[in-house]
Amino acid sequence: MDKMLVEFNQKIKRKQLKIAVVGLGYVGLPLACEFAKQGFAIFGIDVDRDRIRRIKKRESYITDVSEQTLSRVVQRGYLKASNDFSILKGVDVVLICVPTPLKRRYQPDISYIISAVKEVAKNIKPGTLVILESTTYPGTTQEVILPIFGQQGLNPPEGIYLCFSPERVDPGNKKYPLVKIPKIVGGINPESAKLARLIYKIIIRKVVCVSSVRVAETVKLLENTFRLVNIGLIDELAMMAHKMGVDIWEIINAASTKPFGFMPFYPSAGVGGHCIPKDPLYLYWKARHFGFAPKFIRLASKITSAMPGYIVSRLEEILAARNKSLSDSRILIIGVTYKKDIRDLRKAPALDVIDILQKRNVKVSYYDPIIPYLKFKDIDLKSIRLNQKNLAKFDCAVIVTDHSAVDYGLLLKSSALIFDTRNVYSKVQDKKIIKL
Ligand code: SAJ
């Protein structure tokens, strides 16, 4: 094993280490670019030909990768993109960053991992280091991936070095870019973990090795289960606070003055994105195989999934208090992406809110400064222009996602009624503002 460490160290020093990244999405492309920025030959692979075409044309399609960065690493020949896995022949390291969605009935879908690993196994040389970054349930690396390499005669210790290292990318987070986020690494054996530490130290300041791939897989799921459960908790307390006639936002902000033992979470129309709604359900699914049903995960998932319906019921209540019926009202949804200032609609709660309203034959429109068109299920809408004339047409504007670019002054001045689910108007006293 020391031979491999020495060999990797030498190749790193001479910038001769060949690194491949499979999956060039919001995790893989930034990762590939960070290694390329350090002067390493990066072979990027993605099955989406449009991504390959755009990389070759130096067009970034990922928020966290600037056109300037992409252009530089492509122009200098550090980053080569292809949809042909045969370019893996001769590489030293392969990082796999492919999606891990859910199937029907909340079952994990690791088909993207399996198909990528099969292609990798067919093309790499013995002694390659393979690191899976895609979030998955504990056991995937050891029980599913390792045997696929075995079928190609690539077995530890010398035939394959295999690790799991959870992606911790937070899209759009300028305070914590990839290089500043400590990297967790677990290997199928200590040798693999040591090699992975060497690789990540090229771009990331802090690398934390844990004792196994299963621990590394579970770390990530704990992180995101922690978030889902706490968001579910604050959603439930927000519903309770409304019944009790107390302001949940004032309560959270006051509790946040406690310098220890508390971390604020905020109620909203629901939990969107590609991580938080899904990752805990991977853990739930695996735990069931051990005869254990995590109650908190199930409960948090249930409460957060019901929030879009709660928002509609509150809206109905707000209008009824003004002798208006939901079905006779015109509703404007402000902000439709899953998270503030992030152009991503995956599992965005606003889509569920709009879907529920449309199913109840409510006249609903939306405004979102970064999403000009919305096509989803039976939804086919164009964002309105935010101006006084248009705002006056609506009985109530519902702030679902609080993008920075919205003109909240104009919204306040020109709207008849505002249901503010994000506490945007925390400092404004006005009867036409109703808080979640
Ligand atoms: N949300 C709430 N209340 C909160 C926090 C979030 O309703 O207090 C909602 C958001 O509106 C959004 C969803 O939950 O719809 C997810 O929000 P998020 O802040 O967790 O953002 P994500 O989905 O981008 O989560 C990512 C995760 N990163 C990775 O999985 C690598 C997560 O681990 C990070 O902690 C999170 O970013 C972050 O901190 O921003």
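Scroll up to find the structure.
As a starting point, this report considers the structure included with it. Source: prediction; values computed, not measured.

Conventions used here
- Residues numbered from 1 in each chain as written.
- Predicted model: local features only at pLDDT ≥ 70, side-chain atom pairs only at ≥ 80, totals over all residues.
- Heavy atoms only, no water.
- Salt bridge = Lys/Arg side-chain N within 4 Å of Asp/Glu carboxyl O.
- Helix = DSSP H or I, 4+ residues; strand = E, 2+ residues; numbered from the N terminus.
- Buried < 20%, exposed > 50% of the residue type's maximum accessible area, 1.4 Å probe, protein only.
- Pairing = 2+ DSSP bridges.
- Axes fitted to C-alpha atoms, helices over the stretch in contact; angles between N-to-C directions.
- Contact = heavy atoms within 4.5 Å.
- Near = heavy atom within 4 Å.
- Polar contact = N/O pair within 3.5 Å; in protein donor to acceptor, adjacent residues only side chain to side chain.
- Areas by Shrake-Rupley, 256 points an atom, 1.4 Å probe, with all protein chains shown as cover.
- 1 Å grid on protein atoms, 1.4 Å probe; cavity = no way out; pocket = protein on both sides within 12 Å on 5 of 7 lines; lining within 4 Å.
- Sits in = over half its atoms within 2 Å of the grid points.
- Right-handed = clockwise from strand over helix to strand, strands pointing away.
- Expected span 1.5 Å × (residues − 1).
- Phe/Tyr/Trp six-rings, centres within 6.5 Å; stacked < 30°, edge-to-face > 60°.

### Some words on the pattern of salt bridges
Alright, step 1. Across all of its chains, the model carries 24 salt bridges by this definition.
Alright, step 2. The salt bridge involving E7 is made with K11; its shortest N-O contact spans 3.5 Å. Of this pair, E7 and K11 are both found in helix α1 (residues 2-13), four residues apart, which corresponds to roughly one turn of the helix.
Alright, step 3. For E7, a relative accessible area of 26% gives the class partly exposed.
Alright, step 4. R314 is the salt-bridge partner of E317, the closest N and O atoms lying 3.6 Å from each other.

### Looking at the sheet that holds strand β9 (residues 330-334)
Alright, step 1. Read from one edge of the open sheet, five strands run β10-β9-β13-β14-β15, paired in parallel fashion. The open sheet is flanked by β10 (363-367) and β15 (433-435), the only strands paired with a single partner. Each strand of the sheet is rotated relative to its neighbour by a mean of 25 degrees, with strand direction disregarded.
Alright, step 2. Of the pairings in the sheet, the one linking β9 to β10 comprises five bridges and is parallel in character. Residue I334 lies in a different strand from β10, and its bridge partner there is Y367.
Alright, step 3. Helix α13 (residues 349-359) rests against β9 and β10 of the sheet, and its axis sits at about 170 degrees to β9.

### Some words on the sheet that holds strand β6 (residues 160-164)
Alright, step 1. Read from one edge of the open sheet, eight strands run β3-β2-β1-β4-β5-β6-β7-β8, paired in mixed fashion. Whereas interior strands pair on both sides, the edge strands pair on one side only; in this sheet they are β3 (79-82) and β8 (207-210). Averaged over all pairs of adjacent strands, the angle between strand axes in this sheet comes to 25 degrees, irrespective of strand direction.
Alright, step 2. As paired elements, strand β7 (residues 183-187) and β8 share four bridges and run parallel to each other. Looking at β8, one finds that G186 is bridged to V210.

### Remarks on the site of the ligand
Alright, step 1. Every one of the 19 residues lining the ligand counts as a neighbour, but K220, N224, Y266, S268 and Y338 are closest to it.
Alright, step 2. The contact in question runs from an oxygen atom of the ligand to an N or O atom on the side chain of N224, over 2.6 Å.
Alright, step 3. Coverage of the ligand by the protein amounts to 87% of the 730 Å² it exposes when considered alone.
Alright, step 4. When atom positions are compared with the pocket grids, the ligand is found to occupy the second largest pocket.

### Structural notes on the pairing of strand β5 (residues 128-132)
Alright, step 1. Counting buried positions along β5 yields five of five residues, so the element is predominantly enclosed.
Alright, step 2. Burial of β5 is two-sided: the residues T128, V130 and L132 facing one way and the residues L129 and I131 facing the other way are all buried.
Alright, step 3. In terms of strand pairing, strand β4 (residues 93-96) meets β5 through four bridges, oriented parallel. Among the inter-strand pairings, L95 is bridged to a residue of β5, identified as I131.
Alright, step 4. Of the crossover connections in this fold, the one passing from β4 over helix α5 (residues 111-123) to the parallel β5 is right-handed.
Alright, step 5. Bridge count for β5 against β6 is five bridges, and the pairing is parallel. When the sheet's bridge partners are listed, T128 is paired in β6 with I160.
Alright, step 6. Between β5 and its parallel partner β6, the chain crosses via helix α6 (residues 140-151), and the hand of that crossover is right-handed.

### Concerning helix α12 (residues 307-320)
Alright, step 1. With 14 residues, α12 extends 20 Å between its outermost C-alpha atoms, agreeing within 8% with the 20 Å of an ideal straight helix rising 1.5 Å per residue.
Alright, step 2. Regarding α12, the residues found buried are M307, P308, Y310, I311, V312, R314, L315, I318 and L319.

### Some words on the environment of G25
Alright, step 1. Here G25 lies in the loop between β1 (18-22) and α2 (28-37).
Alright, step 2. For G25, a relative accessible area of 10% corresponds to the buried category.
Alright, step 3. The spatial distance from the C-alpha of G25 to the C-alpha of C97 is 7.7 Å, given a sequence separation of 72 residues.
Alright, step 4. Look past the residues within four positions of G25 in its chain and what remains in contact with it is P30, D46, R51 and I62.

### Description of the packing of aromatic side chains
Alright, step 1. According to the stated counting rule, one finds five aromatic pairs in the structure shown.
Alright, step 2. Taking 5.6 Å as the distance between ring centres and 70 degrees as the angle between the ring planes, the aromatic pair formed by F226 and F265 counts as edge-to-face. With F226 in helix α8 (residues 213-244) and F265 in the loop between α9 (248-255) and α10 (279-289), this residue pair connects regions lying 39 residues apart in the sequence.
Alright, step 3. Judged by its relative accessible area of 37%, F226 is partly exposed.
Alright, step 4. Relative accessible area serves as the criterion here: at 7%, F265 is assigned to the buried category.

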